[in-house]
Amino acid sequence: MEQLTQNLKDGTMQILEVPYPALSSGQVLVRNHYSLISSGTEGKTVKDARLGYIGKARARKEEVKKVFDAARTFGVMNTYRMVMNKLDAPSSLGYSCAGEVIAVAEDVSIFRVGDMVACGGASAVHAEVVAVPVNLCVRLLSEVDAAAGAFTTVGAIALQGIRQADLRLGENCVVIGLGLVGQLTIQMLRAAGVKVAGIDIDDQMINKARLGGCELVMNRNQPGIEESVLEFTDGYGTDAVIITAGADSTDPVDLAGALCRKKGKVIIVGGVPTGFKRPNYFKKELDLRMSSSYGPGRYDLEYEENGIDYPYGYVRWTENRNMQAFVEMVDSGRLNIRELITHTFDFKDAHKAYELVLKRTESFVGIVLRYDTNKELKRSVVVNPEKEFNPADANIGLIGAGSFGQNFLLPALKGKANFISVATARPNNAVNIATKHGFINSTGDSEELINNEKVNTIFIATRHNTHASLVKSSLERNKNVFVEKPLCLTRDELKDIADTYATKNAKLMVGFNRRFAPFTKKLMQSLPVDTPRSIVYRINAGIIPADHWVHNPAIGGGRIIGELCHFIDLAMHIAGSNIKSISAQAIRDGKDLHDTLVVNIQFENGSIAGINYFSNGNKALSKEYLEVFSGGVAVIIDDFKTLTIHSGKSSKESGDQDKGHNHEVEEFLNSIKNGTPSPIPFNELIITTLATFGVLESIARSGEKIDISIENLIENNSGN
């Protein structure tokens, strides 16, 4: 299949041959018939991509701040490499399309193969096939063809702005900005019995609105706008202003304040600054509201990705119900979408559509891309010629290639293993990784990769909730497995992995990289042998928003399972002994995130460790500070940038941050090549994972000490 992409580095637009997207739980696979170009949102994205580096920096100031923060942590050159890697990648475009359902996930029952549907959201891109969550997908009715259906997402944006205005039958409204969203807004307001006036700077858009039935239409540059609106509203001023324009000035917001009646409402749908002149808003006590995209549920992980709907009786209009309402209005003939379609381009000519948007060589409103639905599509893509590899070598299949996989795993693997196949959820990302790093093929189907007979070693860098099933499936096929932390999220999953591992002849490695860091190795060499060790480990973890997926128990497992495991593993490695017991106490928070806590560990050899994992600090402080005491020796590692040893004499060593990613991968690959045991013993992987479950259990029991043992896994195999 093919997908339209844009290179963020130079703005180059390209239609790429890509694999089918991964069909995940709660999703449907849709073959697009039409997709809609959003001239505002997408036009800005394309325009920004074509700017030089200075222009990009001015347009994306928040991203520039993140780059400087990264440079302080990873160093200038590493940060430059990461930024260039992100820019020099094919990025998807589009968020509104319509087509035919060709597959549904096992847990989806509301859609069937053959249904015609409209789709929205980040995955509803300009591509021949898309995978979309069910709450961002609605069935098209009989009188709504796919071309009109492709407008559904943008229609929901317009409809949500109207809902925010809370207008009643017989009231009036002024719409500022008569592009596509403004034109749809006018049609829907008229269908609802609201008197509508429109304002724009483009006479052609003004004429389009007039033909669409707008009762009063004005050019922003003409005099007497306020007087005309007063006359239109019987001298009171308008009940509401909906701003659907995009502008760099505050003029739309200031004008809205002048046009409103007392106690009126101003709704911002378009991209305009919100700094405004105070007098009108103050004297009239105006209500200024933002409209969030398609409606309630937008940007909510539970709603959009997990498919959990809001109760109908409490949230009447969600984004999905807004999309449904739009389709019903089109079906009933109350909206005339055909009049808004000014241009239709074949998908292969998509670049011409964007040139029209950027250069504005002629007037346009709705621009749709039309797909060849008779074309035969390929599910996977061969990127590089087939090669023969030694089956004794590490022949790699990579599942998941986000920022961590691209910036840490792939550089560590380069030149040390054979790249066979890569699978990612986003098709454009899969092809980009395969092309850039020399994988033979790319796919969106992880099972296809796992079943590839040429792959003997699988690296997993996906979201946490997928780790256990991918590890188990890979082990069942006798594949060596390297999985990024955590190994799994529950005791049941851990037992399944342990049972499977016991029956197979394959290696299993978890990405506990810190024990392989150069400074960790020097620390271990400096400590006396056979003496108990006292460990103090402070982690300035920083805040992650409560709605981030890592906090979701079903997806990320929380920061204790998802990240604290790193520090527990390192403490166990330094102690040189298995964990005997663990206890923990956390600061209470309103969301029960348990991400500011103190953990105390006792080891079988008498060593002890205190891990202080704090999210309530300041990022100006280094993230990790480790102190180890044993037999008259004290060693300090500060953020894996400096190593200080106090022994007979003191010494201090500094360098670029190195947390051991390259070394852990190299040692794992060497174990495959040489037939030696995996670098981290299997029982230590189990114990570290059990310890994270023990931390959660201890917090729930007010700091009670929890015994940790592999036997404990069997005895308490009741899920976590």
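Worth saying up front: this structure is predicted, and the values here are computed from it rather than measured.

Trainee: Would you mind going over helix 22 (residues 661–674) in detail, with residue names and values included?
Mentor: The end-to-end C-alpha separation of helix 22 is 20 Å, in line with the 20 Å expected for 14 residues at 1.5 Å each. Inspection of helix 22 places His661, Glu664, Val665, Phe668, Leu669, Ser671 and Ile672 among the buried residues, and these make up the whole buried set. The arc enclosing the buried residues of helix 22, seen along the axis, measures out at 150°, which places them on a common side. Turned more than 90 degrees away from the buried face of helix 22, the exposed residues are Lys673 and Asn674. Taken together, the buried residues of helix 22 touch strand 18 (395–399), helix 15 (403–413), strand 21 (457–460), strand 22 (480–483) and strand 23 (508–510). Downstream of helix 22 by a residue or two, Gly675 has a phi angle that is positive, lying close to 70°.

Trainee: Give a detailed account of helix 23 (residues 682–700), specifying residues and quantitative values.
Mentor: Helix length check: helix 23, at 19 residues, gives a terminal C-alpha distance of 28 Å against a target of 27 Å (1.5 Å per residue), a fit within 8%. With 15 of 19 residues buried, helix 23 is to be regarded as a mostly interior element.

Trainee: If you had to explain the nonpolar core to someone new, which residues and values would you point to?
Mentor: Ranked by internal contacts, the top residues of the largest apolar core, which has 97 residues, are Phe459, Leu564, Ile611 and Val695. Considering every element that reaches this core, the biggest residue donor is helix 21 (residues 559–575), with 11 residues. Every residue in contact with Val695, bar those within four places of it in the chain, is listed here: Ile560, Leu564, Ile568, Ile582, Ala584, Leu597 and Val599. Judged by nonpolar contacts, the second largest core, of 81 residues, contains Cys137, Ala150, Val181 and Val194.

Trainee: Break down the environment of Arg289 for me, with residues and values.
Mentor: With respect to the helices and strands, the residue Arg289 is situated in strand 14 (residues 287–290). When its relative accessible area of 27% is taken as the criterion, Arg289 is described as partly exposed. Each C-alpha atom, one on Arg289 and one on Ile268, is 6.3 Å from the other, the two residues being 21 residues apart in sequence. Filtering out sequence-adjacent residues up to four positions away, Arg289 remains in contact with Gln164, Asp166, Lys265, Val266, Ile267 and Ile268. Within the structure, the side chain of Arg289 is placed 2.5 Å from the backbone oxygen of Gln164, a separation counted as a polar contact.

Trainee: Tell me what's going on with the side chain of Asn320, and back it up with residues and numbers.
Mentor: Along the chain, Asn320 falls in helix 13 (residues 319–332). A distance of 2.7 Å separates a polar atom in the side chain of Asn320 from a polar atom in the side chain of Gln324. Non-local contacts of Asn320, meaning those with residues more than four positions away in its chain, are made with Val134, Asn135, Leu136, Cys137, Val138 and Tyr303.

Trainee: Go over the pairing of strand 30 (residues 642–646) with me, naming the residues and quoting the values.
Mentor: The element strand 30 is extensively covered by neighbouring structure, given that 4 of its 5 residues are classed as buried. Relative to strand 30, strand 29 (residues 633–638) runs antiparallel, the two sharing 5 bridges. From the neighbouring strand, Ala634 faces strand 30, where its bridge partner is His646. Counting the residues in the hairpin turn of strand 29 and strand 30 gives 3 residues, including Asp639, whose phi is positive at 55°. Relative to strand 31 (residues 650–654), strand 30 runs antiparallel, the two being bridged by 5 bridges. Following the sheet pairing, Thr642 is matched in strand 31 by Ser654. Connecting strand 30 to the antiparallel partner strand 31 that follows it, the hairpin turn spans 3 residues.

Trainee: Describe in detail the sheet that holds strand 30, supporting the description with residues and values.
Mentor: With mixed pairing, the 9 strands of this open sheet are ordered in space as 31-30-29-28-24-27-26-25-32. Sheet topology places strand 31 and strand 32 (706–707) at the edges, where each strand pairs with a single neighbour. Of the pairings in the sheet, the one linking strand 26 (residues 597–603) to strand 27 (residues 608–614) comprises 6 bridges and is antiparallel in character. If you follow Val598 over to strand 27, its bridge partner there is Asn612. In this fold helix 21 packs onto strand 24 (534–540), strand 25 (579–586), strand 26, strand 27 and strand 28 (624–630), with an angle of close to 150° to the strand it touches most, strand 27. Its contacts with the sheet place helix 23 against strand 25, strand 26 and strand 32, and it is angled at close to 40° to strand 25.

Trainee: Describe the pattern of salt bridges, and please don't skip the residues or the numbers.
Mentor: Two side chains carrying opposite charge are able to pair once their charged atoms lie near each other. Using the criterion set out here, one finds 32 salt bridges in the structure. Here Arg338 and Asp145 are joined by a salt bridge, their closest N and O atoms 2.4 Å apart. Of this pair, Arg338 sits in the loop between helix 13 and strand 15 (341–346) while Asp145 is found in the loop between strand 8 (137–139) and helix 5 (146–149), placing the two residues 193 residues apart along the sequence. The salt bridge involving Glu653 is made with Lys522; its shortest N-O contact spans 2.6 Å. With Glu653 in strand 31 and Lys522 in helix 20 (residues 518–526), the pair connects residues that are 131 residues apart, well separated along the chain. Given a relative accessible area of 32%, Glu653 falls into the partly exposed group.

Scoring rules and cut-offs
Residues numbered from 1 in each chain as written. Predicted model: local features only at pLDDT ≥ 70, side-chain atom pairs only at ≥ 80, totals over all residues. Heavy atoms only, no water. Helix = DSSP H or I, 4+ residues; strand = E, 2+ residues; numbered from the N terminus. Expected span 1.5 Å × (residues − 1). Buried < 20%, exposed > 50% of the residue type's maximum accessible area, 1.4 Å probe, protein only. Arc of directions from axis to C-beta. Contact = heavy atoms within 4.5 Å. Core = buried A, V, L, I, M, F, W, Y, C linked by side-chain atoms within 4.5 Å. Polar contact = N/O pair within 3.5 Å; in protein donor to acceptor, adjacent residues only side chain to side chain. Pairing = 2+ DSSP bridges. Axes fitted to C-alpha atoms, helices over the stretch in contact; angles between N-to-C directions. Salt bridge = Lys/Arg side-chain N within 4 Å of Asp/Glu carboxyl O.

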